[in-house]
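Close look at the chain arrangement
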Amino acid sequence: MNKEHICFDFDSNPAFQTIDYEVAARSFVPGYESIFNMAVALLDASVPEPAHLLIVAAGGGMELITFGQARSHWLFTGVDPSAKMLAIAQEKVAKQGLTNRVKLHQGLTHELPVTTLYDAATCILAMHFLPDDGAKLLLLQSISQRLKPGAKLILVDLCEEKGSERFNDFLKAYKYHARNLGMSPEIVEETASKVVHIHCISEERTIELLQEANFSKITRFFTALWFRGWIATKNT
């Protein structure tokens, strides 16, 4: 396998056909905003000042806006394969006056030069779009190769064995949560039908991949239904 590939093309076949991505994320991901606020707090305790962060799957702009508003001394490089999602991020960045602190690249993480090493990185709600046929590992390795020794990675992913009893229970709760926040039954079913095709893996497998990609000190900091978040350290 020589490149990352995705099961959803957010330009021609978006995960959410009929609603805005951020509206959907807030409705379908319990504690959505808390993920980013916790990420800021965790990274602030470990990154130097000033810091340059790599934001993987930066389209949509949530990390860039949340982090940029919270920490004026952080610079960002964002990468995402989707032109449409990056355009949304660029618009939000401009509205918040963060343009001079953000560089955006359309493409995949392994295409970024390795001459720049970052002080920290995030990969939030993205890895589950990649199959576990080498693509997940390649993504994590690509991030690791672009981090300074000792740098932190925030990884948040949909994490559960598909087909298990717990997966099915979480799917029911996932749909209830979205309906309870005002999503129509049609949109809930449309989204749930795609979730069952996402390439989620177990927490044990996720940790195994992180270790193989040269990360250690892996600590879970977020749990909401089948969503999990970890902070990990690149080995020195």
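The coordinates are above.
Residues numbered from 1 in each chain as written. Predicted model: local features only at pLDDT ≥ 70, side-chain atom pairs only at ≥ 80, totals over all residues. Heavy atoms only, no water.

As for the packing of helix 6 (residues 165-180) against helix 7 (residues 185-195)
Running from N to C, helix 6 and helix 7 point in directions that differ by 150°, and their axes come no closer than 10 Å. Relative to helix 7, helix 6 is oriented roughly antiparallel. Once helix 6 is placed against helix 7, the crossing between them reads as right-handed. On helix 7, the residues that touch Leu-171, Tyr-174, Lys-175, Ala-178 and Arg-179 of helix 6 are Val-188, Glu-189, Thr-191, Ala-192 and Val-195. Taken together, the residues of the contact of helix 6 with helix 7 sort by class into six nonpolar, one polar and three charged. (Axes fitted to C-alpha atoms, helices over the stretch in contact; angles between N-to-C directions. Helix = DSSP H or I, 4+ residues; strand = E, 2+ residues; numbered from the N terminus. Parallel < 35°, antiparallel > 145°, perpendicular 65-115°, else oblique. Left-handed = near helix turned anticlockwise from the far one by under 90°. Contact = heavy atoms within 4.5 Å. Nonpolar A, V, L, I, M, F, W, Y, C, P; charged D, E, K, R; others polar.)

Overview of the side chain of Ser-142
With respect to the helices, strands and loops of the structure, Ser-142 is situated in helix 5 (residues 135-145). Here Leu-138 takes part through its backbone oxygen, which lies 2.7 Å from a polar atom of the side chain of Ser-142. (Polar contact = N/O pair within 3.5 Å; in protein donor to acceptor, adjacent residues only side chain to side chain.)

Side note on the state of the cysteines
This structure, assessed with the given rule, holds zero disulfides. Cys-159 carries a free sulfur, and the closest cysteine sulfur to it, the one in Cys-200, is 7.9 Å from it. Exposure remark for Cys-159: the relative accessible area of 2% places this residue in the buried category. (Disulfide = S-S within 2.5 Å. Buried < 20%, exposed > 50% of the residue type's maximum accessible area, 1.4 Å probe, protein only.)

Things to note about the sheet that holds strand 7 (residues 227-234)
A sheet is described by the order of its strands in space; here seven strands give the open sequence 3-2-1-4-5-7-6, paired in mixed fashion. The strands lining the two open edges of the sheet, one partner per strand, are strand 3 (102-106) and strand 6 (215-224). The mean angle between the axes of side-by-side strands here comes to 15°, regardless of whether they run parallel or antiparallel. Alignment of strand 6 against strand 7, held across seven bridges, turns out to be antiparallel. The residue bridging Ser-216 from the neighbouring strand is Thr-233, located in strand 7. (Pairing = 2+ DSSP bridges.)

Thoughts on the nonpolar core
Counting residues in each nonpolar core, the largest one holds 48 residues, and the members touching the most others are Leu-53, Phe-67, Trp-74 and Trp-226. Here this core takes six residues from helix 2 (residues 32-44), the largest share from any one element. Those residues within four positions of Trp-226 in sequence are excluded, and the remaining contacts are Asp-157, Leu-158, Cys-159, Glu-160, Phe-167, Phe-170, Leu-171, Tyr-174 and Val-195. Ranked by size, the runner-up nonpolar core spans 27 residues in total, among them Val-56, Tyr-118, Cys-159 and Trp-230. (Core = buried A, V, L, I, M, F, W, Y, C linked by side-chain atoms within 4.5 Å.)

Re helix 6
Residues spaced three or four apart along an α-helix face the same direction, because each turn holds 3.6 residues. Compared with an ideal rise of 1.5 Å per residue, which puts 16 residues at 22 Å, helix 6 spans 23 Å between its outermost C-alpha atoms and is within 8% of the ideal. Residues of helix 6 that are buried: Phe-167, Phe-170, Leu-171, Tyr-174, Lys-175 and Ala-178. Across the axial projection of helix 6, the buried residues extend over an arc of 140°, all falling on one side. Opposite the packed face of helix 6, turned more than 90 degrees from it, sit the exposed residues Glu-165, Lys-172, Tyr-176 and Asn-180. One or two steps after helix 6, the chain reaches Gly-182, where phi turns positive at roughly 105°. (Expected span 1.5 Å × (residues − 1). Arc of directions from axis to C-beta.)

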